[in-house]
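Below are the chains, spelled out letter by letter.
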Amino acid sequence: MRAAVCERYGQPEVVRIREVPTPAPAGGEVLIRASATTVNSGDARVRALRVPRGMGPLVRLRFGLTKPRRGILGLEIAGRVESVGSAVTRFRPEDRVVASRGFAFGCHAEYATVSEEGAIARIPDRLSDQDAVAVLFGGETALTFLRLGKLGAGESILINGASGAVGTMAVQLAKHLGAEVTAVCSGANAELVSRLGADRVVDYATEDFTRDGRRYDVIMDNHGNAPYARVTGSLKPGGRFLMVVGDLPQMLAATWRKAVITASPSDGAFSAESYRTLMDLTERGVLTPVIDAFLPFEEIVDAHRRVDGGHKVGSLVLTFGLRTP
Ligand SMILES: NC(=O)c1ccc[n+]([C@@H]2O[C@H](COP(=O)([O-])OP(=O)(O)OC[C@H]3O[C@@H](n4cnc5c(N)ncnc54)[C@H](OP(=O)(O)O)[C@@H]3O)[C@@H](O)[C@H]2O)c1
């Protein structure tokens with residue numbers, strides 16, 4: 001099969017499409033033939049080893065000291081089940097699914113194996129594979145943080161970095177939960193986030209939300225330039241800060257600050273339950289997929305460049321062959 005192999009840490013050009021052996025599903029695994037995947041901020045961070053301050057050594061330990069141990073990046077895949085292992089009972093060939101191997105990566109390839117007990121869900125008939133895969137990365141991150149932060153109906157939330165993969169899903173999920181949403185993004189994306197449901201939009205280039213005297217029940221930082229120390233004055237008493245991006249000192253400080261919420265891999269992202277929830281919300285029209293661009297798999301280096309720019313809108317989808325259905 002063809003796979004995008006990341007041969008070392010570095011610029012987008014370190015990713016090359018190569019022929020590699022097609023994986024075979026073990027007993028409890030399904031083999032998925034890809035129709036779509038995404039290149040997202042997680043892939044680009046590991047590829048470039050561009051991580052928040054203090055995290056570099058930890059990331060090298062986890063993903064590889066001198067180069068990514070698992071050369072094929074890619075967190076998620078949409079496609080059809082090609083074959084199943086002998087112990088698989090819930091999926092069969094030709095099922096349309098979205099799935100993830102989490103930080104084991106491996107989805108920037110024509111085929112990937114996933115445990116049937118892992119993060120895998122059927123794609124509803126009315127959703128295309130591309131739309132289904134586009135809501136996963138941002139959706140599972142936003143869902144996990146909003147759940148941990150216990151955002152409730154009638155509460156107010158400010159979402160910093162509201163127009164990216166995580167932000168566009170967070171705006172929609174927060175509205176669905178009945179919150180009043182303030183979205184912070186560039187002026188160019190103000191109309192988009194309003195359409196997604198934001199009640200108010202702050203253009204970060206012309207306004208500083210920490211200086212306008214408003215206070216929120218929840219503040220979510222998806223960019224890293226609104227750390228807890230900067231936004232404490234904008235939180236109501238009892239307010240929660242969702243630290244989607246944070247460096248090592250901020251992560252350590254979070255362990256003793258009740259108001260600061262971080263997420264660990266055991267908090268529900270990359271799970272079948274979160275994928276089923278996201279498919280259901282998307283099928284019902286609660287979530288609208290936001291897609292920056294569709295690129296053919298062969299243009300994966302350009303996709304990494306676009307993600308590195310830090311201004312993509314929603315998700316960047318790579319397609320294999322024809323669009324479906
Ligand atoms: N902790 C976790 O579990 C977790 C999970 C997923 C992602 N993340 C992290 O979350 C971050 C966001 O991920 P993503 O995939 O949503 O990224 P993304 O799609 O690249 O979006 C980045 C967004 O940041 C906005 N932005 C740029 N400059 C800004 C500024 N000065 N102030 C406010 N917003 C600004 C951009 O909006 P404009 O284009 O409008 O400027 C863009 O929409 C990444 O750092 C990622 O590593 C963490």
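Structural data are supplied above this passage.
None of these values were measured; they are calculated from a predicted model.

## Describing the sheet that holds strand β9 (residues 180-185)
- Here 6 strands make up an open sheet; going across it, the order is β10-β9-β8-β11-β12-β13 and the pairing parallel. A single partner strand is all that each edge strand has here, and the edge strands are β10 (200-203) and β13 (260-261).
- Judged from the 5 bridges that link them, strand β8 (residues 156-160) and β9 form a sheet pairing that is parallel. The partner of Ser156 across the bridge, within β9, is Glu180.
- Each of β8, β11 (216-221), β12 (235-243) and β13 touches helix α4 (residues 136-148); the most contacted strand, β12, lies at about 150° to it.
- Contacts from helix α5 (residues 165-176) reach β8, β9 and β11, with the element oriented near 170° to β8.

## Things to note about the site of the ligand
- Of all residues adjacent to the ligand, which total 24 residues, the nearest are Arg45, Ser163, Ser186, Tyr204 and Lys312.
- In this structure, an oxygen atom belonging to the ligand sits 2.8 Å away from a side-chain N or O atom of Ser41.
- In this structure, Asn225 approaches the ligand through a side-chain N or O atom, which is 3.2 Å from a nitrogen atom.
- Expressed as a share of its isolated accessible area of 930 Å², the protein-covered part of the ligand is 85%.
- Going through the elements one at a time, α1 (41-48), α4 and α5 are the ones with two or more residues in the shell around the ligand.
- Among the elements that line the shell around the ligand, the one with the most residues is α4, at 3 residues.
- Residue composition of the shell around the ligand, by class: 8 nonpolar, 14 polar and 2 charged.

## A few points about the pattern of salt bridges
- Counted according to the given criterion, the structure contains 25 salt bridges.
- Here Arg96 ties to Asp129 by a salt bridge, and the two come within 2.3 Å at their closest N and O atoms. Residue Arg96 is located in strand β5 (residues 96-100), and its partner Asp129 is located in helix α3 (residues 129-134); the two are separated by 33 residues in the primary sequence.
- The class for Arg96 is buried, based on a relative accessible area of 12%.
- Looking at Asp129, the relative accessible area reads 2%, which means it is buried.
- The salt bridge partner of Asp280 is Arg284, with a shortest N-O separation of 3.3 Å.
- On the basis of relative accessible area, Asp280 is assigned to the partly exposed category, the value being 33%.
- Taken together, the salt bridges that share partners define one network made up of Arg2, Glu110 and Glu298.

Cut-off values and rules
Residues numbered from 1 in each chain as written. Predicted model: local features only at pLDDT ≥ 70, side-chain atom pairs only at ≥ 80, totals over all residues. Heavy atoms only, no water. Pairing = 2+ DSSP bridges. Helix = DSSP H or I, 4+ residues; strand = E, 2+ residues; numbered from the N terminus. Contact = heavy atoms within 4.5 Å. Axes fitted to C-alpha atoms, helices over the stretch in contact; angles between N-to-C directions. Near = heavy atom within 4 Å. Polar contact = N/O pair within 3.5 Å; in protein donor to acceptor, adjacent residues only side chain to side chain. Areas by Shrake-Rupley, 256 points an atom, 1.4 Å probe, with all protein chains shown as cover. Nonpolar A, V, L, I, M, F, W, Y, C, P; charged D, E, K, R; others polar. Salt bridge = Lys/Arg side-chain N within 4 Å of Asp/Glu carboxyl O. Buried < 20%, exposed > 50% of the residue type's maximum accessible area, 1.4 Å probe, protein only.

Limitation: the analysis is restricted to geometry and does not speak to function.
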